[in-house]
Amino acid sequence: GSKFPEGGSDVIYFAAERPQQVRDRVEAACRFLGLPEIPEKFHLCVSDKPLKLSDDLSLNALCERVWLVQPRLVVFDTYARMNDKDEDKQKDADFNYDQLMKVIASSNVETSGLLVHHSGKEASRGMRGSTALSAAVGAIWSVSKSADGGIELTMDECNAVESPKPAYFGIETVDCHPNRTTGEIRMVGVAIPISSPVGPKNRGERIVQILEDDPRYEFKVEEVKQILDQQKDSVSKNTISRYLADLVDAGHVE
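All chains use their own residue numbering, which begins from 1 and follows the written sequence. In view of the model being predicted, local features appear only for residues whose pLDDT reaches at least 70, and side-chain atom pairs are presented and counted only at 80 or more, with totals across whole chains, interfaces and linings using the full set of residues. Note that water and hydrogens are dropped before the side-chain values are worked out from all heavy atoms of the structure.

1. Some details on the pairing of strand E8 (residues 187-194)
Type-normalised accessible area, obtained with a 1.4 Å probe on protein chains alone, sets the label of each residue: buried when under 20%, exposed when over 50%, and partly exposed for intermediate values. Counting from the N terminus, the helices are DSSP H or I runs at least four residues long and the strands are E runs at least two residues long. Across the two faces of E8 the burial differs, with Val 188, Val 190, Ile 192 and Ile 194 buried and Met 187, Gly 189, Ala 191 and Pro 193 not buried at all. Judged from the eight bridges that link them, strand E7 (residues 167-175) and E8 form a sheet pairing that is antiparallel. Bridge assignment links Phe 169 to a residue of E8, and that residue is Pro 193. The pairing criterion is simple: DSSP has to find at least two bridges between the two strands.

In structure tokens, the structure reads:
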């Protein structure tokens, strides 16, 4: 939250899938918050080999890390990369859940676990695999992406509190540190809160309105972005440029 990283507790993020991409995204999120580096309280763990929940040696190493750090949150990303059993079988799902809980229980403080998992081909049917897993967890949040690139976060199920209203996010592009090998500046997207979902038709109309309301003949993309930011519709300059190109092709702007 807002106290991070000065206040609050430690976090362990185990990146079992695409660890370099995860590192880039975490770094971009921290830079967006005004932090020059990933803070020490955020422990990003990667493995030189795939971690499987049935591999006691690897799992014990992760338990030891949790015991040393004493985090308040452990993130497992993703379930598919950590599961080497049949995710459709209740017995196997129960085993995996017990293994995940073993990791969390290694901490002497109250610790929450966040398991990143995929939905099936039909997202409306919920998470993939046995329902034993969904029945065991405290809450299920779904993340979906709209056609215009917006993100919606919704609590689907919870056994402790009333479900809150959905939260909406846009994507803002952040410049990360240059690639250590090539020196290339990396552009990484960060999810930032917006007040409500924004559709592509509505955004295009608002861009046209921004141009019509200003007496100047020329406008910079950065200036359009600033006004959209004020409207709580934060998108990258590249996205705005695409909208402008479409509006030019349609004859709405020059």
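2. Details of the sheet that holds strand E4 (residues 112-116)
The pairing of strands in a sheet comes from backbone hydrogen bonds and takes either a parallel or an antiparallel form. Taken together, the four strands give an open sheet; going across it, the order is E2-E1-E3-E4, and neighbouring strands pair in parallel fashion. The outermost strands of the open sheet, each flanked by one partner alone, are strand E2 (42-45) and E4. Between one strand axis and the next, the sheet turns by 15 degrees as a mean value, whatever way the strands run. Looking at chain direction, strand E1 (residues 11-15) and E2 are connected through four bridges and run parallel. By the bridge assignment, Phe 14 is partnered in E2 with Cys 45. In this analysis an axis means a line fitted to C-alpha atoms, helices contributing only their contacting stretch, and an angle means the value between N-to-C directions, from 0 to 180 degrees.

3. Regarding the nonpolar core
Only buried Ala, Val, Leu, Ile, Met, Phe, Trp, Tyr and Cys residues count toward a nonpolar core, and they belong to the same one when joined by side-chain atoms within 4.5 Å. Within the largest apolar cluster, 18 residues are counted, with the highest numbers of intra-cluster contacts made by Ile 12, Leu 53, Leu 62, Phe 76, Met 82 and Val 103. Mapped onto this core, the elements with two or more residues apiece are E1, helix H2 (56-69), strand E3 (73-77), helix H3 (79-82) and helix H4 (90-104). For this core, the element with the most residues is H2, which contributes five residues. Only heavy atoms enter the contact rule, under which two residues are in contact if any of them lie within 4.5 Å. Look past the residues within four positions of Leu 53 in its chain and what remains in contact with it is Leu 59, Tyr 79, Met 82, Phe 95, Asn 96, Gln 99 and Leu 100.

Just geometry here; none of it tells us what the structure is for.
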